[in-house]
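Survey of secondary and tertiary structure
What follows is the residue order along each chain.
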Amino acid sequence: MDMNEIKEIFFQECEEQLAELESGLLKLNDGDRDPETVNAVFRAVHSIKGGAGAFGLDDLVSFAHVFETTLDCVRSNKLEPTQDVLKVMLKSADVLADLTNAARDGGSVDESRSRTLIRELEALAHGEAPAAAEPAPKPAAAPKAAAPAPVVEQPAVNDEGFQPIPFSFGDFDEEPADHYVPTVQVAFKPKKDLYAKGNEAVLLLRDVSRLGEMSVYCDMDALPTLDKMNPEEAYFSWKISVTTDKGEDGVRSVFEFAEWDCDLDIQTVEEDVVGEAASDEELPMQPVPFDLSMLDEGGAAAADEPAVIESDAAAAVAAAETATKVAQVASRAAENAKAAAAASAASAAQASQAAAAGQTIRVDLDRVDRLINLVGELVINQAMLSQSVVENDNNGTSSINMGLEELQQLTREIQDSVMAIRAQPVKPVFQRMARTVREIADITGKSVRLITEGENTEVDKTVIDKLAEPLTHMIRNAVDHGLEMPEKREALGKNPEGTVRLTAKHRSGRIVIELADDGAGINREKVRQKAIDNDLIAADANLSDEEIDNLIFHAGFSTADKVSDLSGRGVGMDVVKRSIQALGGRISISSKPGQGSVFTMSLPLTLAVLDGMVVTVAGQTLVVPLTAIVETLQPEASAIHSFGASQRLISIRNSFCPLVDVGRILNFRNTQANPMDGVALLVESEGGGQRALMVDAIQGQRQVVIKSLEANYTHVPGIAAATILGDGRVALILDVDAVVAASRGQSLKQDISLAATG
């Protein structure tokens, strides 16, 4: 694997980390104060920073470092995550994403915005942190610091006048654990590249210390005299012993982006050898007076700077103090060891099960696409074999026929499994919309809250990739046009904060995405007048509310009074409709004046396979998507009624439904067929209600592989795509919406033109 492949993996992981970052910040913004949420946010920024340093992405490292420092203040309860603080952090998350994208794609970011946010983050870390800090003092912390030196036996002093000092982070952080857990030992020797890439040894040690009670020894044997010292070299190494229920994996995760640039050895020691392994004899170290100032906020002191040289007396006092602390911590841990043995084993077992359940593998999407294409060919060949056997086996009981039936079932299972590989939750797209809402709200001066539901609803990766653009336009439209200004909402008795709700759910083999707002709704009088002014409709046209609402999908249509950065140019909702139709989907509007609007998108779960009804029309074989069919009917003469010059209706359970001759609409024949000689398919389309499609005969129901007709031939009005049948023939997949639209008085060419223009 070359460096470019490793870098690409890093950027893929950055996408996951950024999603985790934004998700955590939004939880905090909603009032979640779970420490694990804060830790997850911190880890996301820390991981991005560490990886960026490995690839020399200095701008990304610099911004992530400041962001990480401020988050560390939140993590240590020195900074309260108020709404104002989280507003800055959400903006910082956006800039971090921009810097990541710029590093990957070679673009640029707004440097003034980055510098402004850096100043704001630094102000939060250094200005607000002391005021919000004041945490409860640790029990007996002062007496420990004042412990007299003579009560502890002094370690031997070497020729240089220094002595080894075991330093315990646990006494300065959280309360020691109330039960014994396994101890992990770490030998950590940084290389100079570690510091050059933005990592800091002291910050790594601090992160390890947060896993549990920790003792650390610093080795300075490699430190040269001052005249021979290279400031870019790494001379220190550390021996760490940490008692943690996170195990080796938890400790190793701290060094995730640093292990390439250091010598690292991590091992778990047994209970009966913990004390022995932690002794001075097992850890031969250069005596070091460890300076507490190295652990100040943000790791202000560089880990590779020389330690401060103390006098013999000062070193002795420091040794006594820290040794007393270590003894007290060890005593408390020993008292609880027996009581916690069973709990530790159960916790380890649960962690192991959780890790096994969450195992994933990263696969190039092109490989999955090739696999799907091959499975599609397998389905087609299986259908061909079955067709051939049926044609040559009259009784249908041969062993070959039975074997092919089993093959058909296995092929279907393989295809479903392969399609499930491409299925992904819509969560990443929904999370991106949160940033869009924030940006537009800032521009418009509105207060907006985005609520998402059904984020784990899965859909084909191809559909997800093409959802971002139409959703962005719809979000912009909802915030800019739909929601009122805060003062106006208050005057109307509404909450000053507007709500935009984004929902995803499965329905009848499709995915339905709804975007709802609690704004003013569509001003139909204004829309109608604008359509008249633009010559889209006649002044005396009699339109229903639904037809007026759908006028906003016309290209160039806008009700904005003036052109702004967000609206007024008539570009937006027509793009939404084209994008949704390109995915084989439909979009509809429901609006109530003063209460808001709901935009509903109905999309196929996948663009690769389709369950359809194979029918015959005027000698041609067509496939009608099964999700559009409500029921099939055999028309009777008494149920057929004429309407106008050429329209016909069919009576279905005391209601009348227009009857549409598919062969006539598609110009397969010049005259309308006799309804009693065919079969009626009752279908339902967005915006067109129900229609009964007349076909000559039904061949059967089957799953077909979708092939793009437009990519391989050209666009055909009324046809959505094509497929290959078992006998090798090409069958066209019917575009039900286009056929229904044509039945309302438009020709297919006119309907396609309207679809293309909005």
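The notes below deal with the structure included here. No experiment lies behind these values; they were computed from the predicted model shown. (Residues numbered from 1 in each chain as written. Predicted model: local features only at pLDDT ≥ 70, side-chain atom pairs only at ≥ 80, totals over all residues. Heavy atoms only, no water.)

**Let's talk about the overall build of the protein chain**
- Of the regular secondary structure elements, the protein chain holds 25 helices and 23 strands.
- Out of the 758 residues belonging to the protein chain, those deemed buried represent 44%.
- Summed over its atoms, the accessible surface of the protein chain is roughly 38,400 Å², and 50% of this surface lies on carbon and sulfur atoms. (Helix = DSSP H or I, 4+ residues; strand = E, 2+ residues; numbered from the N terminus. Buried < 20%, exposed > 50% of the residue type's maximum accessible area, 1.4 Å probe, protein only. Areas by Shrake-Rupley, 256 points an atom, 1.4 Å probe, with all protein chains shown as cover.)

**What about the nonpolar core?**
- Core analysis: the largest hydrophobic core is formed by 44 residues, its most contacted members being Leu 471, Met 474, Ile 475, Ile 513, Ile 552 and Leu 603.
- Tallying contributions element by element places helix H15 (residues 427-444) first for this core, with six residues.
- Excluding anything up to four places from it in sequence, Met 474 contacts Leu 515, Met 573, Val 576, Ile 587, Phe 599 and Met 601.
- Ranked by size, the runner-up nonpolar core spans 42 residues in total, among them Leu 25, Val 45, Val 66 and Met 89. (Core = buried A, V, L, I, M, F, W, Y, C linked by side-chain atoms within 4.5 Å. Contact = heavy atoms within 4.5 Å.)

**Details of the sheet that holds strand E23 (residues 730-734)**
- The strand order across the open sheet built from five strands is E21-E13-E14-E23-E22, with neighbouring strands paired in mixed fashion. At either end of the open sheet lies a strand with only one pairing partner, and these are strand E21 (697-705) and strand E22 (719-724). Neighbouring strand axes in the sheet, compared pairwise and without regard to direction, differ in orientation by 35° on average.
- In the sheet, strand E13 (residues 609-617) pairs with strand E14 (residues 620-625) via six bridges, with the strands oriented antiparallel. Considered in E14, the bridge of Gly 612 is made with Pro 625. (Pairing = 2+ DSSP bridges. Axes fitted to C-alpha atoms, helices over the stretch in contact; angles between N-to-C directions.)

**Thoughts on the environment of Arg 664**
- With respect to the secondary-structure elements, Arg 664 resides in helix H22 (residues 662-665).
- With a relative accessible area of 34%, Arg 664 lands in the partly exposed category.
- Taking the C-alpha atoms as reference points, Arg 664 and Met 694, 30 residues apart in sequence, are found 9.6 Å from one another.
- Apart from the residues lying within four places of it in its own chain, the contact partners of Arg 664 are Arg 669, Asn 670, Thr 671 and Gln 672.
- Within polar-contact distance, the side chain of Arg 664 engages the backbone oxygen of Asn 670 at 3.1 Å. (Polar contact = N/O pair within 3.5 Å; in protein donor to acceptor, adjacent residues only side chain to side chain.)

**A look at the environment of Ile 118**
- Within the secondary structure, Ile 118 is located in helix H5 (residues 111-132).
- On the basis of relative accessibility, which here comes to 23%, the residue Ile 118 falls in the partly exposed class.
- Linking Ile 118 and Phe 63, residues 55 residues apart in sequence, is a C-alpha distance of 6.9 Å.
- Aside from chain neighbours lying at most four places away, what touches Ile 118 is Phe 63 and Val 66.

**Some remarks on helix H2 (residues 35-54)**
- A rise of 1.5 Å per residue sets the reference length of H2, with its 20 residues, at 28 Å; its end C-alpha atoms lie 29 Å apart and thus fit the reference within 8%.
- In terms of burial, H2 is a largely internal element, 16 of the 20 residues being buried.
- Remark: Gly 56 follows H2 within two positions and exhibits a positive phi of approximately 70°. (Expected span 1.5 Å × (residues − 1).)

**Focus: the sheet that holds strand E9 (residues 498-507)**
- Pairing within the open sheet is mixed, and its five strands lie in the order E7-E9-E10-E12-E11. Looking along the sheet, the strands with just one partner apiece sit at the ends: strand E7 (448-453) and strand E11 (586-592). In this sheet, neighbouring strand axes are inclined to one another by 15° on average, regardless of whether the strands run parallel or antiparallel.
- Where E9 and strand E10 (residues 510-517) come together, eight bridges link them in antiparallel fashion. From the neighbouring strand, Lys 505 faces E10, where its bridge partner is Val 512.
- The strands touched by helix H17 (residues 468-482) within the sheet are E7, E9, E10, E11 and strand E12 (596-604), with E10 carrying the most contacts at an inclination of about 20°.
- Contacting E11 and E12, helix H21 (residues 573-582) runs over the sheet at an angle of about 140° to E11.

**A closer look at the side chain of Arg 669**
- If you trace the backbone, Arg 669 turns up in the loop between H22 and strand E19 (679-685).
- Accessibility expressed as a relative area gives 17% for Arg 669, which makes it buried.
- A distance of 3.5 Å separates polar atoms of two side chains, one belonging to Arg 669 and the other to Asp 696.
- When near neighbours in sequence (up to four residues on either side) are disregarded, Arg 669 contacts Val 617, Ala 618, Asp 661, Gly 663, Arg 664 and Asp 696.

None of this, on its own, says anything about what the molecule does.
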